[in-house]
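Residue strings, one per chain:
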Amino acid sequence: MLKVPDHQVAGHTARHGKLGPLIDDSGRFYKPLQDDERGSKELAFYSSFSSNTSIPDHIHGFFPVFYGTQLLEASDGSGLRPHLVLQDLASDRLNPSIIDIKIGSRTWYPQASEDYVQRCMKKDKETTSLLLGFRISGLQIYGNSESGFWKPEKKHVQEFTLEDVRLVLRKFVSSNSPIGSNSFPDCCFAPSVYGGSAGILAQLLELKAWFEDQTIYHFNSCSVLMVYEKESMMKGKSSGAEIKLIDFAHVVEGRGVIDHNFLGGLCSFIKFVSEILTGPDEYSTEACSPDSEKKCISTDNEHPDHKSEFSDILSTN
Ligand SMILES: O=P(O)(O)O[C@@H]1[C@@H](OP(=O)(O)O)[C@H](OP(=O)(O)O)[C@H](O)[C@H](OP(=O)(O)O)[C@H]1OP(=O)(O)O
Ligand SMILES: Nc1ncnc2c1ncn2[C@@H]1O[C@H](COP(=O)(O)OP(=O)(O)O)[C@@H](O)[C@H]1O
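Calculation rules
Residues numbered from 1 in each chain as written. Chains lettered and ligands numbered in written order. Predicted model: local features only at pLDDT ≥ 70, side-chain atom pairs only at ≥ 80, totals over all residues. Heavy atoms only, no water. Domains from an automatic or database assignment. Contact = heavy atoms within 4.5 Å. Buried area = accessible area lost by both parts, 1.4 Å probe. Salt bridge = Lys/Arg side-chain N within 4 Å of Asp/Glu carboxyl O. Buried < 20%, exposed > 50% of the residue type's maximum accessible area, 1.4 Å probe, protein only. Helix = DSSP H or I, 4+ residues; strand = E, 2+ residues; numbered from the N terminus. Pairing = 2+ DSSP bridges. Phe/Tyr/Trp six-rings, centres within 6.5 Å; stacked < 30°, edge-to-face > 60°. Near = heavy atom within 4 Å. Polar contact = N/O pair within 3.5 Å; in protein donor to acceptor, adjacent residues only side chain to side chain. Areas by Shrake-Rupley, 256 points an atom, 1.4 Å probe, with all protein chains shown as cover. Nonpolar A, V, L, I, M, F, W, Y, C, P; charged D, E, K, R; others polar.

Bringing the domain arrangement of the protein into the picture now. Its domain assignment divides the protein into domain 1 (15–87) and domain 2 (96–310). With 19 residues of domain 1 at the contact, the number on the domain 2 side is 18 residues. Summing both partners gives a buried area of about 1600 Å² for domain 1 against domain 2, and 64% of it is carried by carbon and sulfur. Three residues stand out in domain 1 for area buried against domain 2, namely Lys41, Phe45 and Phe62, and they jointly supply 40% of the buried area on that side. Our count for the domain 1 to domain 2 interface comes out at one salt bridge. Across the pair Lys31 and Asp247 runs a salt bridge, and its minimum N-O distance is 3.4 Å.

Written out as structure tokens, the structure is:
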């Protein structure tokens, strides 16, 4: 039985009679091929990439598994339409916290139409893309069983400033509620989610090493999807922190040239993540040991005085 994904954070959605992706219970994500060249380009990318044996296995692991295409009833009621059959990155995850980060200071590329270039330039300028080399396209952060998810509206996300981006990346790994201006993000989960040998920073660095070398593809307007499970960590299990690349409707051939637009954006994003782990400011998690993680979990961190509680945690560890 196909249904609208619960955990989609950006892009075209299948709600309100529109064309968008669907999922099933077997862990597959069905992305409809759009009528224009976007659909065929994304399919061409997945076909080329999944069969390219020169790409190392560990790099294949940064992409959703591709299972081919399937003709399905489209979500907008327009009848049968080919869909990409992909691994559902949110399946088997309990209340996943997810951020979609669109990489690159420019989302347009020389081969695109003038109209498309103009639209992209406007969005790149109005969001943090031009300034930071990436922008947050959408997110959901799980608070707890009472508060549920913080999933800001698309319009709100598009207005994120540099400081908002910093804050959101901190809220993503904090035990206190992501909602409300008074909540001071404690970054308690940063060491386990962003840090560690298998954490998000390590994964980003592995991906970056490939981008420093690969000249096969240019990943225009493509996103890094960052996922982990807060509840699983609170039960003492692994965070399941993972990054995957998604959205390949605008990938073009690299023609022997480094994808400097993606690489630059990725480096900038890496800097933001690593600053949360090592930064000199008051949000620093350098003293956030597993013990303090436990402390954070059992504390109601919504209190405005939480800043001083956090200092206590830092000084006692
Ligand atoms: O229509 P919009 O303004 O929501 O733009 C879509 C973008 O949303 P944004 O405003 O950047 O958050 C959307 O971005 P996200 O995937 O949401 O990051 C896509 O860029 C989409 O274009 P395409 O399917 O990749 O060619 C964009 O769709 P098109 O305008 O190209 O159809
Ligand atoms: N393979 C996947 N598994 C789970 N969720 C996905 C997958 N691919 C995309 N998504 C979700 O859908 C959103 C939009 O995906 P994207 O490929 O960018 O679509 P669009 O082309 O409409 O922009 C992402 O932000 C993410 O939440």
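As a further point, take the pairing of strand β5 (residues 96–103). With respect to burial, β5 is a largely interior element, eight of its eight residues being buried. What you see with β5 is no split at all: Pro96, Ile98, Asp100 and Lys102 on one side and Ser97, Ile99, Ile101 and Ile103 on the other are buried throughout. Strand direction decides the pairing type here: β5 and strand β9 (residues 223–229), joined by seven bridges, are antiparallel. Bridge pairing links Pro96 to Glu229 in β9. Pairing geometry for β5 and strand β6 (residues 134–142), over six bridges, is antiparallel. When the sheet's bridge partners are listed, Ile101 is paired in β6 with Ile136.

Let us look at the packing of aromatic side chains. For the coordinates displayed, the defined rule picks out 25 aromatic pairs. A centroid spacing of 5.9 Å and a plane angle of 65° characterise the contact between Phe45 and Tyr46, whose relative ring orientation is edge-to-face. Since its relative accessible area comes to 4%, Phe45 is described here as buried. Taking the centre distance of 5.2 Å and the plane angle of 85° together, the rings of Tyr46 and Phe248 count as edge-to-face. Taken together, the positions of Tyr46 in helix α1 (residues 37–50) and Phe248 in the loop between β10 (242–246) and β11 (251–253) put the pair 202 residues apart, joining distant regions of the chain. Under the relative-accessibility criterion, Tyr46 is labelled buried at 3%. Looking at Phe248, the relative accessible area reads 0%, which means it is buried. Among the aromatic residues, those joined into a ring-pair cluster are Phe45, Tyr46, Phe49, Phe63, Phe66, Trp210, Phe211, Tyr217, Phe219, Phe248 and Phe262.

Glancing now at unusual backbone geometry. One non-glycine residue, Cys187, adopts positive backbone phi at about 55°. Secondary-structure assignment places Cys187 in the loop between α6 (162–171) and α7 (190–193). Cys187 gets classed as buried once you look at its relative accessible area, which sits at 0%. In this structure, Ser221 takes a positive phi of about 60° despite not being glycine. Position of Ser221 among the secondary structure elements: in the loop between β8 (217–219) and β9.

On to the site of ligand 1, then. Around ligand 1 there are 14 residues in total, and Arg38, Lys123, Ser137, Lys154 and His250 lie nearest to it. Here an oxygen atom of ligand 1 sits 3.3 Å away from a polar atom, N or O, in the side chain of His12. Within the side chain of Arg119, a nitrogen or oxygen atom sits 2.9 Å from an oxygen atom of ligand 1. Protein coverage of the free-state accessible area of ligand 1, which is 590 Å², stands at 79%. Elements with a contribution of two residues or more to the shell around ligand 1: α3 (114–126), β6 and α5 (154–158). The residue inventory of the shell around ligand 1, partitioned by class, reads one nonpolar, six polar and seven charged.

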